[in-house]
Structure formats: C-alpha cells, structure tokens
Amino acid sequence: MTLGQLKAQGTPREIGRALGMAGRAAVLTHLRGNPFWREVVDPVHAGRRARMAETVRNCFPAIWAEIEGLAEGLDLSFAEVFAWQCRGDILAALPPFAEAEGCTSVLRPGTPAVMAHNEDGYPNLRGQCFLADLAPEGAPQFVSFCYPGSIPGHTFAMTGAGLGMTVNNIRLQGVEPTVPRMVLGRAILACRSAAEALAVLEGANSGGFHIGLGEAASGRLWSVEYGGGAMSAQEVTAPFAHANHALHHPGGLASQYITRSSADRQARAEALLAGDPLAVLADAAGPGLPIRRSDPRDPDEENTLATVVMRLDGGGIDWRVYDDPAQPPTHAGWIGG
C-alpha cells in the first residue's frame, strides 16, 4: 500500500498542526487504545514525563511548539501527545514493550555515498503513515517518513542542508531520561551540518537511538549511538549495517536488551554487505528472522513499512522510497544544494 504524502510550511506550531491533522484518524483508530499508549500516559511515569517536558520547553522551544500544534491537529491534550513522544525513553526497559520497534540500516561509503534503511513499525500502521515534505520557518526543508501522532526525526529523513538520517531503536537499560530521544532526532533535522548535528547529541541523557548520519557536502557517513548521557560517533569507512542494538555505545554494550530479530538481522545484514544495499534490505532468506519483515506474527510485532535508498554527493541527496524493493519506487526526489 503506497505511502501517503503531506506538504506543509510555516511556523513550528503550524507544521505540527498539519502533522496532527494528517494522522488524526489513524491515531484514534489504531494507537490511542493500544497497550503502548496506555502505558506511556500512566501516572506511574508522571515524574519522567515532567522531567523531559521541562527540558524540551526550556532547551527546544521550537519543538515544544511543534508538539503543541501536533496536539491541536490531533484534537488531544498536549500532555497525552507529549507522553507519546517519550514512548521509547519510557518503554525500553519494560517487558513486553521492549520487544517492539526495530529497523535495519545499511551505510556504504564511496562516490556517491549510499544510505539505505528499512523502516519497520506496527503492522496495523501500513497504509496509515506518510511521507512529509516540510518547510519549517527559519530551518531547512526536509522530507521524512512520519508515523501518525509523532513528530518527525525518528525514522528516515533527507534535509535541504544535505543531511541524510536513518534511525534505529536501541534498548538501553537503566536510563532515567531528561530529554526524549525523538526530540533530539527532530533537532537534527534543523541542523546545517553534521558537526552541528553531533553537537546536539553530545552528552544528551535520553533513551537509546542509533543514527546513520550522512553529509552530502563532504560525502562522509557516521554511525552514531546515543542515550543515557553518552554518545559514540564513528565515521563509516567500509560497508556497515545496524539492526537495533548498540555496537559501539560506551554504556550500551554492557546494558542493553537485544531481541532475537535484532540479532538475526544484524548477522544476516553483515553477511550480505558486499551486495547492493537495496538487495540487502529486501532479503528474507536468512537462517533466522528476516531483514525484510512481512509476517504479521513477527515476534517483535513489526513489519517493514517502507524502504529508502539515498545517494549523497556534493550537490545534495537523490532519494527513492519503496513499498516493495522488487518494484519501482513509489516516491523519489532530490533535495539539497
């Protein structure tokens, strides 16, 4: 089922309102009553939510305004919608919620550098997500895969500043977050360079994320793992794969939860790295759980909702989004200088 599209511009609040209106029906139908939503809004997490809200309000006012607009567009309370943006930081250490969420990324340096990514999410959101082409006031334009009810910055995106981003969940344990990892991802989309993006993540105390970061102007790629007050950024100089668990985060290697799917996808992707990145992400023939996920009985409750391939050169990013890697792309474009 082809991804929908949204095009919007304006102030952060106006952008958020457009995102909320685009996702309102799906949130009410598929998300608001599910166990994940009920858990993150539970009063038991009120202290964590308040701590993160204070940081976002004080340090990221534009993103705070975007979430206010998102709540307006969804016709839900700000508190409830803000809690949903904190789900990864709250749920990562709570079985069975820690089992959910997962994606696979492949980074290949060269001329051009290539970034490829499977966006895996709740199977019942197939056909409910959309590709947003957004032009926020005072910040670079960007194109991002968006889930209904969520701000951008935690999936894949390409920006007018020539930055490419892919995002994978990392299930760090023992973190008491002071800022939502999704907010940090959203902040990267406003950055003008890779150096500025890395500075945003330095020392941030959030739940765990892996970001594949690419910079068209330099052609460089990085594997960035952050969360729990630490960040590790390694330049990618050989083909590289990432599938939802920390590979070099200083704290994550000793304190993380790795699902069976995450382990299987990592091993299979590494075995296939000599091949074309799109073919790697389309693979379903490995000995364990597959890279491309289409089984509604997936143990992590995830299916592949979209696949992206970005090619970076000095001028910008050529991007293509696939519903099925065996078929032509459903969306394609160019962004950057």
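Everything quoted here is computed from the prediction, not taken from an experiment.

Caption draft 1: Region of the structure containing the sheet that holds strand β6 (residues 156-159). With mixed pairing, eight strands are arranged side by side in an open sheet as β1-β4-β5-β6-β7-β8-β9-β10. Both outer strands of the open sheet, β1 (4-10) and β10 (230-235), are each paired with one neighbouring strand and no more. Pairwise comparison of adjacent strand axes, ignoring direction, gives a mean angle of 20° for this sheet. Here β1 runs beside strand β4 (residues 130-136); their pairing, made up of seven bridges, is parallel. From the neighbouring strand, Q5 faces β4, where its bridge partner is L131. Strand contacts of helix α7 (residues 181-188): β4, β5 (142-146), β7 (163-170), β8 (208-215) and β9 (220-227), with the helix running at about 170° to β7, the strand carrying the most contacts. Lying over the sheet, helix α8 (residues 194-201) contacts β7, β8, β9 and β10, oriented at roughly 170° with respect to β8.

Caption draft 2: How the structure looks around the sheet that holds strand β12 (residues 303-313). The sheet built from six strands is open, its strands ordered β11-β2-β3-β12-β13-β14 with antiparallel pairing. Edge positions in the sheet fall to β11 (240-242) and β14 (331-335), since each has one partner strand and no second. The sheet shows a mean angle of 15° between the axes of neighbouring strands, taken without regard to direction. Examined bridge by bridge, strand β2 (residues 104-108) and strand β3 (residues 113-121) share five bridges and lie antiparallel to one another. Residue pairing across strands places S105 opposite H117, the latter belonging to β3.

Caption draft 3: Spatial organisation of the nonpolar core. Within the largest apolar cluster, 84 residues are counted, with the highest numbers of intra-cluster contacts made by L19, F145, F156, M158, I211, M310 and W319. With six residues, the single largest contributor to this core is helix α4 (residues 61-74). Split by domain, this core shows at least three residues from each of two domains, domain 1 (4-92) and domain 2 (103-336). If near-sequence neighbours (up to four positions away) are discounted, F156 is found in contact with H117, E119, L131, V143, S144, F145, M165, T166, A306, V308, M310 and V321. By size, the runner-up hydrophobic cluster in this structure holds 12 residues, among which are V114, A116, L278 and V280.

Caption draft 4: Quick look at unusual backbone geometry. Between T111 and the following residue, P112, the backbone shows a cis peptide bond with an omega angle of 5°. By secondary structure assignment, the location of P112 is in the loop between β2 and β3. Although it is not a glycine, D75 adopts a positive phi angle of roughly 60°. Inspection of the secondary structure puts D75 in the loop between α4 and α5 (78-85). You will see that N244, though not glycine, has its phi angle at about 80°, which is positive. Along the chain, the position of N244 falls in the loop between β11 and α9 (260-271).

Thresholds applied
Residues numbered from 1 in each chain as written. Predicted model: local features only at pLDDT ≥ 70, side-chain atom pairs only at ≥ 80, totals over all residues. Heavy atoms only, no water. Pairing = 2+ DSSP bridges. Helix = DSSP H or I, 4+ residues; strand = E, 2+ residues; numbered from the N terminus. Axes fitted to C-alpha atoms, helices over the stretch in contact; angles between N-to-C directions. Contact = heavy atoms within 4.5 Å. Core = buried A, V, L, I, M, F, W, Y, C linked by side-chain atoms within 4.5 Å. Buried < 20%, exposed > 50% of the residue type's maximum accessible area, 1.4 Å probe, protein only. Domains from an automatic or database assignment.

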